[in-house]
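Commentary on secondary and tertiary structure
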Amino acid sequence: DRGRVLAAATREIQIDKSYWHAGFKVTLGTARVVASSFGGKAVTIEGVFQNLSSEHAESPTEELLLTVGDRAYAELDHPLLDLPEVPAQRSQPGTYAFGVDEHFVLPEAVLVVGKASDRQATIPFTGADGQVALEPRPVPVTGKVLRTKAGTVFMTVSAVEVRADDPYLHGQAPSGQEFLRLEFSATNNTAAGFAWVFDRDLHLKLPDGTT
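Description of the structure in this document. (Residues numbered from 1 in each chain as written. Predicted model: local features only at pLDDT ≥ 70, side-chain atom pairs only at ≥ 80, totals over all residues. Heavy atoms only, no water.)

**Here's the deal with the environment of E178**
The following threshold applies: Strands here mean DSSP runs of E at least two residues long; helices mean DSSP runs of H or I at least four residues long; both are numbered from the N terminus. Using a 1.4 Å probe on the protein chains alone, a residue whose accessible area is under 20% of its type maximum counts as buried, one over 50% counts as exposed, and one in between counts as partly exposed. Contacts described as polar in this section are N or O atom pairs within 3.5 Å, which, within protein, must combine one atom able to donate a hydrogen with one able to accept it, while residues neighboring in sequence count only if both atoms come from side chains.
Here E178 lies in the loop between β13 (171–172) and β14 (179–188). According to the relative accessible area criterion, E178 is partly exposed, its value standing at 37%. A sequence separation of 15 residues divides E178 from R163, and the C-alpha atoms of the two residues are 5.7 Å apart. At 2.9 Å, the side chain of E178 forms a polar contact with the side chain of R137.

**Notes on the packing of aromatic side chains**
Definition in use: In summary, the pairing rule links any two rings of Phe, Tyr or Trp, Trp by its six-membered ring, whose centres are within 6.5 Å, and it sorts them by plane angle into stacked for under 30 degrees, edge-to-face for over 60 and tilted for everything else.
In the structure shown here, the tally under the stated rule is 4 aromatic pairs. Plain terms: the ring middles of Y73 and F104 are 5.5 Å apart, the flat faces sit at 80° to each other, and that makes the pair edge-to-face. Of this pair, Y73 sits in strand β5 (residues 71–73) while F104 is found in the loop between β6 (91–100) and β7 (110–113), placing the two residues 31 residues apart along the sequence. Residue Y73 shares its accessibility class with F104, and that shared class is buried. Residues F194 and W196 carry aromatic rings whose centres are separated by 6.0 Å and whose planes lie at 25° to one another, so their mutual orientation is stacked.

**Description of the environment of P60**
Selection criterion: Any two residues having at least one pair of non-hydrogen atoms within 4.5 Å are treated as being in contact.
Locating P60 in the fold gives a position in the loop between β3 (41–51) and β4 (64–68). Overall, P60 belongs to the buried group, its relative accessible area being 8%. Separated by 49 residues in sequence, P60 and R11 place their C-alpha atoms 25 Å apart. Discounting residues that sit within four places of it in the chain, P60 has contacts with F24, F49, L83 and P84.

This is the structure we're talking about:
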């Protein structure tokens, strides 16, 4: 009956949402209210952790917070917590775990990921209000950047995106900022020698002239 369905919903809920943070794409699955390792209650949240770095293994962040209204739950239940080190370009299952109290309401919970000084992902367990997934946004940009008018040395831009993290080194942008990532190839069509691409030679110029 309806009463049993509501009671079950307070103990288990399917989230089925993803967020991006510090070089991981995390897809959340089932959240459950369970017995805590220390007595009382805990909440476990199953997830699949995809490491987006091309080279570096890493574990997902433990900078986590659960909120219900104006209440915050930051104590991790470490015996129930499972945040594996994930090899580059691989995915592994894991589990978040928080200690909670009698005021905790599972369908009203919101997961906050990351330091307060950085861009934070915010995932409500139900509904989309307040959701901040930090999904990367592609920008349709192509073309060449010439080093000189002769055009024998140039960069060809292949992809551009705006995102809140640096997946290669598992970095996260400070609060209020984002990364603009450009992928390019460098070509040297001169007869001899090397053509170097230094970061000091690269500048981003905005339409208003700001660099």
